[in-house]
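Remarks on the overall topology
Take a look at the letters that make up each chain.
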Amino acid sequence: MFFPWIARAQEITLEVKEKSSAEPILQARVVLFDSRKYVSDISGIVRIKCTQDDFPIRGRIEAIGYYPEYFELSYLGFENKYSVTMRTIELTTQNVVVSASRSAQNIEDVPVSMEILTQAQITNKGLTSLDQIVDQSPGVFTMDGQVSIRGGGGYAYGAGSRVLLVWNGIPMMSPDIGDAKWNAVPTEQADHIEIIKGASSVLYGSGALNGTIAMNEREPSQQGDLRVRIQSGIFDQPKRSELTWWNRAPIQNLADVYIGKAYKRMGYSSAIHGMLNEGYKQGEKENRLRMNGTYYLRFGSQNRAKTGVSYNFQYEDVGVFVLWKGANQALVPMDNTLSNQRSIRLNVDPYLMFFDRRSNKHHLRTRYYLVTTGSLGNLSSSSKAEMYYADYQFSKKSTTRGDFTSGVTNNFNTVLSSVFGNHFAHNLAAYVKWDFKIKKLDLTAGTRLEYMKQDQKNPDSQYKIGGITVPVYPIFRGAAHYQLFKLSHLRASYGQGIRFPSVAERFVSTSVGGLIIFNNPDLKPETGWTGEFGWKQIIPIRTVQNLWTLHADASVFINKYTNMTEFTFGLYIPDSIPLSANPDDIGYLGNWVGFQAQNAEKARITGVELSLNSQGKLYKDIEIQSLVGYTYMNPVSLNFDSIYRSTFSNSNTDMLKYRFRHLFKADIQVGYKKYGFGISGRYNSFMTNIDKIFEMTIFGQELLPGLQAYREQFNRGVFVCDVRFLYHFNEKISANFIINNVFNAEYVSRPGDMQAPRSFLIQLRYGLP
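About the criteria used
- Residues numbered from 1 in each chain as written.
- Predicted model: local features only at pLDDT ≥ 70, side-chain atom pairs only at ≥ 80, totals over all residues.
- Heavy atoms only, no water.
- Helix = DSSP H or I, 4+ residues; strand = E, 2+ residues; numbered from the N terminus.
- Rg over C-alpha atoms; globule rule 2.2 N^0.38 Å.
- Contact = heavy atoms within 4.5 Å.
- Pairing = 2+ DSSP bridges.
- Axes fitted to C-alpha atoms, helices over the stretch in contact; angles between N-to-C directions.
- Core = buried A, V, L, I, M, F, W, Y, C linked by side-chain atoms within 4.5 Å.
- Buried < 20%, exposed > 50% of the residue type's maximum accessible area, 1.4 Å probe, protein only.
- Phe/Tyr/Trp six-rings, centres within 6.5 Å; stacked < 30°, edge-to-face > 60°.
- Lys NZ or Arg CZ within 6 Å of the ring centre and 35° of its normal.

A few words on the overall build of the chain. For the chain, the helix and strand inventory stands at eight helices and 46 strands. Relative to its length of 769 residues, the chain is compact, with a C-alpha radius of gyration of 28 Å against a globular reference of 27 Å. Dimensions of the chain along its principal axes, counting C-alpha atoms only, are 110 × 70 × 50 Å. The long-range share in the chain, meaning contacts at least 24 apart out of those at least 6 apart in sequence, stands at 64%.

Turning to the sheet that holds strand β7 (residues 81-86), a few remarks are in order. Taking strand neighbours across the sheet as the criterion, the three strands line up as β4-β1-β7 in an open arrangement whose pairing is mixed. The sheet is open, and its two borders are formed by β4 (45-50) and β7, each paired with just one other strand. With strand direction ignored, the average angle separating the axes of adjacent strands in the sheet is 25 degrees. As paired strands, strand β1 (residues 10-18) and β4 are joined by six bridges and run antiparallel to one another. Across the sheet, the residue bridging to leucine 14 is valine 46, located in β4.

Turning next to the nonpolar core. In this structure, Trp324, Phe420, Phe567, Tyr658, Phe694, Leu704 and Met754 are the most contacted members of the largest nonpolar core, which totals 50 residues. Counting residues per element, the ones that place at least two in this core are β11 (140-143), α5 (503-507), β35 (547-571), β36 (593-619) and α8 (707-713). Those residues within four positions of phenylalanine 420 in sequence are excluded, and the remaining contacts are Asp176, Ile177, Ser383, Val415, Val503, Ala504, Phe507 and Val508. In terms of nonpolar packing, the next biggest core, distinct from the first, is built from 34 residues, Leu127, Val147, Val166 and Ala208 among them.

Okay, the packing of aromatic side chains next. All chains considered together, the criterion is met by 19 aromatic pairs. When the centroid spacing of 6.2 Å and the interplanar angle of 25 degrees are considered together, the rings of phenylalanine 412 and phenylalanine 424 count as stacked. With phenylalanine 412 in strand β25 (residues 402-417) and phenylalanine 424 in strand β26 (residues 423-438), this pair connects stretches of sequence that are 12 residues apart. You can call phenylalanine 412 partly exposed: its relative accessible area is 31%. Relative accessible area serves as the criterion here: at 29%, phenylalanine 424 is assigned to the partly exposed category. The structure contains a cluster of three or more aromatic residues connected by ring pairs, namely Tyr268, Tyr295 and Tyr311. Between the NZ or CZ atom of arginine 218 and the centre of the ring of tyrosine 258, over which it lies, the distance is 4.5 Å. Residue placement shows lysine 261 over the ring face of tyrosine 263; its charged tip is 5.4 Å from the ring centre.

With respect to the element layout, threonine 568 can be found in strand β35. Along the sequence, threonine 568 and glycine 126 sit 442 residues apart, while their C-alpha atoms lie 37 Å from each other. Excluding residues that lie within four positions of it along the chain, threonine 568 makes contacts with Gly594, Phe595, Gln596, Gln598, Ala600, Tyr644 and Thr647.

In this section: the pairing of strand β12 (residues 146-149). Side chains of β12 alternate between two faces, with Gln146 and Ser148 and Val147 and Ile149 buried alike. Summarising the sheet, β11 and β12 pair through four bridges and their orientation is antiparallel. The residue bridging methionine 143 from the neighbouring strand is glutamine 146, located in β12.

In structure tokens:
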């Protein structure tokens, strides 16, 4: 009688489910019109305290990967269970990505520039390695297996990388050379590719100084999935007949099979891949066999926990082509520069993920990674490198305090090598990230603490605070996204980065084609930061039955680097040689002139990037998918030392070596019923600066015969065009005829490395992506 509200108070249960499968949706945000906010738990349940007077209860539900839904709950007496369904977003007005923040986001809400390459874009072009695939993306350029984003990387002779490769949330850089083994990435197992542009070290650590390329394995479906790809191709004659070294045109063959199946509590996938490529360069064969897969098990009440293991094993037999014999024998190797390598790439990734009673997520990822380089008799005769990696991540979603993510990482590497020596490295890190939403404004802030020690040296992660030096290096990141209008998005970001030297950069000691490469144990880490401001506009074009969506994006950016590692040509006198030694002694010069990795560069790169991507059906049965982008870069050296500048092939400009100002990429595919046609084009302007030594004559002999005259003759940009024709026999089986470099353009990506002439491919696929 005194407290009548007690009789009316109750707690109702709102269950959020996916419409077609009726599966519960975890961490959906429920916002009532009276401003109360909730997050659904592991079972998709939201519990709302209310009284009879609160009805009808109205609100809005949002979840990553689903269309927003409005709901109204009417009073049903003592009934306290309600249900709301959400529709999965099937068309790309919103792509769900995870690499930009290590948690799921709609791509429109990501506060940094990034591109998405779908499974169809991965397979349709017949490309055989991940570096070839990402080279199709705006702002990305691949040079002899080294990937650069927006001019952040030059040519480093295969050692080190400023772009980090991430597979299943774990960095995948070789422990010895510090590079990404692009041809060993199981693209047949991948769901899609996410390319982050700019420093991402706060999220992933050393190596993400210039950007990140992230992939996750495809989740098996309950219906089961079988995919088969077979392709065979042949290289055409080069445009200049004198370049042809073969009697029979080289061929390449590839095949892979993927199978996956999910059950209520467990699932598996398995794939096998093989390739035989004779190579268009003499001796540059590439033969490989790869097996990979995953097994997982869900357990606990309401399947709160998931554990599993992923694996990837590759054996390869390759010929490594370093330098051409001459401009008129560009596909024939210079004497003593061709080597045959047989090697193993193996990673095993056990993991455990579970949600606690408060729906907080705990995720433990681990990896053992083995990389060997050797010969048939001994697969590790040159190098055996092992990585032991573990990362624990905790994440919490809150309606009032935003999303919180934190974690710790432990990485231990060992290297046994006849080329680099025997070394070890230990990397510890702790990171924290906070995402907060204020109406249409999303804010992100994060920091990471890095500890890195190689051998018995002082830690590479030393950081000075006032007059005190600590062994831990801090890096920071901040970003903002604002939804200006319903389909208009603004973003701004600032991120710091760091990259520690690889074992190869510090300790390599070898000779290639008469070029000596000296070690430099005193090499320091590279540091830098990235700033960006961007705008994304979504333009949906609707017809009666179809939707075609355009994503227009514009951004301005600046990257600044300190202590950039460059292999610099010069005279490197060991401490054991007296300074009074006669510099005119030819034997002396022959022993101590060559390249050495040095912290020679301080640089600034500014630029503008424009992109226009689309997907969907424009009219009736006409489907169009496109990825188009233009990048203008101004990469300048801030090192004004005259000795260093003397290594530039063009001393009249301050442009960084192995860069250019203009980069254009386009890929458009049109489908009509069973037919499809695709065309892609890539353009880069002339590479103004390279190492001057490659154009010089030493002791009466050109180091790279014909290079200077070749660059003077071909001092324009390079345009390469590919086309493809598709036919779908039914929903599962398709054929694809591909012509790469259709105009048979002749071009080099770096000195002494001519790229492939025109080639023809036939591809058959079962089970379309």
